[in-house]
Structure formats: structure tokens, C-alpha cells
Amino acid sequence: MMERKDKIVRTLDAMEHPENFTKEELDALLSDEECVRICRDLLDSREALARRYATAPDVEAEWQSFKHRQGLCQASEQPKKRSRMLYTGIALSVAASVILFLLLRLSVPEEYTVFRADLEAQVVSMETKNGVHTLHIPRGMSKLLVLPDSSRVWLNAESSLQYPESFEGMKRREVYLKGEGYFEVTKDAAHPFMVKTDALETQVLGTSFNVKAYSGNDTQVTLLEGSVKVSDRHHKELLLRPGEHTDGQLRKTSVENCTDYRAWIDGQFYFDDVELVEIMRELGRWYNVDIVFTHKEIMQERLHFQAERSDSLQDILELLNCMQRVKARMEKGKVVVGV
């Protein structure tokens, strides 16, 4: 028991002052996950105190005083007294951490990050392997691609399309999409055209339609012309006619103006009764910027919003604020959305 308590004290010292220990000593001490967890609780308590009482004259002095009172200093002196108080001090500290954490939650605004910027250079790239091309479109861009059969595909920001160098000799013209694409398919009844995503497959003969598949939870197919058959992983099928739309669960709805779903290829943001969180993710993807909400409940606020993609981010935020439903601002390089 004494050896265990001494190890906790040494681990606490190692986490505070690693420069006083060799690499071998640090590895040995920090390999004990339970011991490290206990010490982190103590250190978190200290950090919470520092944040809560930022105007205190000397947090370090208070921390050292706390350690002395709990018997966490001078491991070589008074071992019996220290060992009797150690676990009591740990329990009190953990309880204090929880209480202070709850207090801090009441005084510090929450932050809900729904989109993160990509710090890498945003460039169009093409990969080719075994006769299959993969075109990657970065954030902040869109691109028109003409496939080997003369079908045309507009790819939205942060999207990729995998397709063969040639469709010759294939029974079906298959492509694989991640992100969002608008398709105008060349008619060829003998060779159906298939768009595959992680959640759905869309089969057509010749038609115009939009597929959005940034994630399995956000998959949509909207038909503008012709007809398509949409199926999921469980082989459930759904037939769409012009002006109809389905989500990833194959729930079909009618849309008043299906051309709105291709507004992005005309250089516009167009959102018709869309949740604010989805609007902000789309803006984050186009402008490659962090999106943070300060109130979780406003994420589901539904808006009608339209703007030009050529507008600056600041102009877009001003347009949103003019609606007087939310308040969006730039703060430290990220977009913060509140009420």
C-alpha cells in the first residue's frame, strides 16, 4: 500500500516537473494508467481553480499550500502522515474538480464545433491507378468534368469522383462519388449509368440529377429530368420521377422547384427551409473555416437563405445577420454563431 501511494506522489511530481526525471523513470511512472488518471484529476483541479479565480494573487502558492496540507510534498519526510492523508486528499480534489467544472459550465459559454478548417493547401488533384481515375476537388472550388462517354459531371467543393479511363467493354458505366455532384448523363440504353456512394446507388439511362453524399447520414438524390432507380445496401429500391427527392433512408418527397438543387453549379448558395447547422457546414466547406455554435438549440433553426458564392465570407455573415434570427461573427479566425 505504501509503495502504491509513494508512486502516486512520484507520478504527480513527474507530471509537474518531467525535467527532473530520466526518460526511463518517466516511462515507468507514466505507464501506470490508473496512477496517471488520479494525478490528472489533481492537476485538473488545480487548472480549474486557476481559471475560476484568475484574479487570485498567487495560484502557484495556493497549489503548493494545498499539496503541503494533503501531504503531497517532500515524499521522503513523514511518510506515515502523508500516506494517511493521500487518498483523502485525492478524493476531495476529484470532488472539487467536479464541482468547479459544473460552476465553469454555468459561467463559460459552450462551444459546439460543427466544421473544421483544413490547413493544408487546397488544390485540384488527380490520381490514376489500374486504369481508374480519381479526381479530387478541394474546398472553395467546383469543377466540370466530362466523362469518357461524354456525360458531364459538376463536382462541388470537397468532393471526389472515381471513374474509369474508358467505359468500353463494360456492361454498366459505374462511377463512385464522395461529396456532391450534378450529373447530365449521355443516353445509352444498353449500358446503364450507375452512381455509387457509401449509402446509395443511383441507376439511370439518360437523365439529369443531383447527388449529395458528404456522409452516410447526409445522402440525398434529387431528380430534375428523366427517371432513376435508387437502392440502398439492403437492396431496397425506389423509383424517382422529375421533381422528386429522397434521403439516405429512401424517404421520398416532392420538391417545388428541383432546379434549386443545382443552384450551386450556377455560383449560388440556395437553402430552402434548411437547418442552420447544414447551412453553416456548407459555408465552412466553401470558405474553409471553422464553424462554432454557442447554443446547441439554434442548430436546428430552419432558414430560407440565398447568396452568391463569389461574395466574401464577411458579406455572407452580414446577410445572415440581417435576417435577425441568429448572430454570426468572425472571431479569432473562426465563425461563431450565437443568438
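Residues numbered from 1 in each chain as written. Predicted model: local features only at pLDDT ≥ 70, side-chain atom pairs only at ≥ 80, totals over all residues. Heavy atoms only, no water.

Student: Help me get a handle on the overall build of the protein chain, residues and values and all.
Tutor: Per the secondary structure count, the protein chain includes seven helices and 20 strands. Relative to its 339 residues, the protein chain shows a buried fraction of 42%. Looking at the protein chain alone, contacts between residues at least 24 apart form 48% of all its contacts between residues at least 6 apart. Summed over all atoms, the accessible surface of the protein chain reaches about 19000 Å², with 50% contributed by carbon and sulfur. (Helix = DSSP H or I, 4+ residues; strand = E, 2+ residues; numbered from the N terminus. Buried < 20%, exposed > 50% of the residue type's maximum accessible area, 1.4 Å probe, protein only. Contact = heavy atoms within 4.5 Å. Areas by Shrake-Rupley, 256 points an atom, 1.4 Å probe, with all protein chains shown as cover.)

Student: Talk me through unusual backbone geometry; I want residue IDs and the actual numbers.
Tutor: Positive phi outside glycine occurs at L250, with the angle close to 60°. Relative to the assigned elements, L250 resides in the loop between strand 14 (244-247) and strand 15 (252-254). Phi angles above zero are rare outside glycine, and N288 is one such case at about 50°. Checked against the element boundaries, N288 lands in the loop between helix 6 (276-287) and strand 17 (290-293).

Student: How would you sum up the environment of K327? Please name residues and give values.
Tutor: With respect to the secondary-structure elements, K327 resides in strand 19 (residues 327-331). For K327, a relative accessible area of 55% translates into the label exposed. Sequence separation of K327 and V339 is 12 residues, and the distance between their C-alpha atoms is 5.3 Å. Apart from residues no more than four positions distant in its own chain, K327 is found in contact with N321, V336, V337, G338 and V339.

Student: Would you mind going over the packing of aromatic side chains in detail, with residue names and values included?
Tutor: Think of a pair of aromatic rings as described by two things: how far the centres are apart, and how the planes are tilted against each other in angle. Counted by the stated rule, this structure contains seven aromatic pairs. In textbook terms, an aromatic cluster arises when at least three aromatic residues are bridged by ring pairs, as seen for F269, F271, W286, Y287 and F305. The ring of W286 carries the charged tip of R309 above its face, separated from the ring centre by 4.3 Å. (Phe/Tyr/Trp six-rings, centres within 6.5 Å; stacked < 30°, edge-to-face > 60°. Lys NZ or Arg CZ within 6 Å of the ring centre and 35° of its normal.)

Student: Tell me about helix 7 (residues 313-322), and please be specific about residues and values.
Tutor: What helix 7 keeps buried is the set L313, I316, L317 and L320. Each buried residue of helix 7 sits inside an arc of 95° when the element is viewed along its axis, so together they form one side. Elements that come into contact with the buried residues of helix 7 comprise strand 16 (268-275), helix 6, strand 18 (302-308), strand 19 and strand 20 (334-338). Q324 sits one or two residues past helix 7 and shows a positive phi near 60°. (Arc of directions from axis to C-beta.)

Student: A description of the pairing of strand 20 should follow, citing residues and the corresponding values.
Tutor: Extensive coverage of strand 20 is indicated by the burial of five of its five residues. Here strand 20 shows a buried face lined by K334, V336 and G338 and a second buried face lined by V335 and V337. In terms of strand pairing, strand 17 meets strand 20 through four bridges, oriented parallel. In the sheet register, F293 faces strand 20, and the bridge partner there is V337. The turn linking strand 19 back onto strand 20 is made up of two residues, and K332 within it adopts a positive phi angle of 55°. (Pairing = 2+ DSSP bridges.)

Student: Any details on the pattern of salt bridges? Residues and values, ideally.
Tutor: Enumeration according to the criterion identifies 18 salt bridges in this entry. Salt bridges sharing partners connect three or more residues here, namely R139, E158, E282, R285 and R309. (Salt bridge = Lys/Arg side-chain N within 4 Å of Asp/Glu carboxyl O.)

Student: How would you explain the sheet that holds strand 20 if you had to name every residue and give the values?
Tutor: The four strands lie next to each other as 1-17-20-19, forming an open sheet whose pairing is mixed. Both outer strands of the open sheet, strand 1 (112-115) and strand 19, are each paired with one neighbouring strand and no more. Averaged over all neighbouring strand pairs, the angle between strand axes comes to 30°, with direction disregarded. Helix 7 contacts strand 19 and strand 20 of the sheet and is inclined by roughly 155° relative to strand 19. (Axes fitted to C-alpha atoms, helices over the stretch in contact; angles between N-to-C directions.)

Student: Requested: an account of the confidence of the model for the protein chain, with residues and values cited.
Tutor: For residues with low pLDDT, the predicted coordinates do not support detailed interpretation. Residues of the protein chain with pLDDT of at least 70 account for 77%, and the chain-wide mean is 83. Strand 6 (residues 159-164) holds the highest mean pLDDT among the elements of the protein chain, 98, whereas helix 5 (residues 79-107) holds the lowest, 52. Note on residues 49-57: pLDDT under 50 across the span, and eight contacts to partners over four residues away in sequence or across chains. Across residues 74-84, where pLDDT falls below 50, the model places 15 contacts with residues more than four positions away in sequence or in other chains. (pLDDT = per-residue confidence, 0-100.)

Student: Which residues make up the environment of M299, and what values do they have?
Tutor: As for its position among the elements, M299 is in the loop between strand 17 and strand 18. Accessibility expressed as a relative area gives 9% for M299, which makes it buried. The spacing of M299 and E275 is 24 residues in sequence and 6.7 Å in space, taken between C-alpha atoms. Apart from residues lying up to four places away in sequence, M299 is in contact with Y112, V114, E275, L276, V277 and F293.

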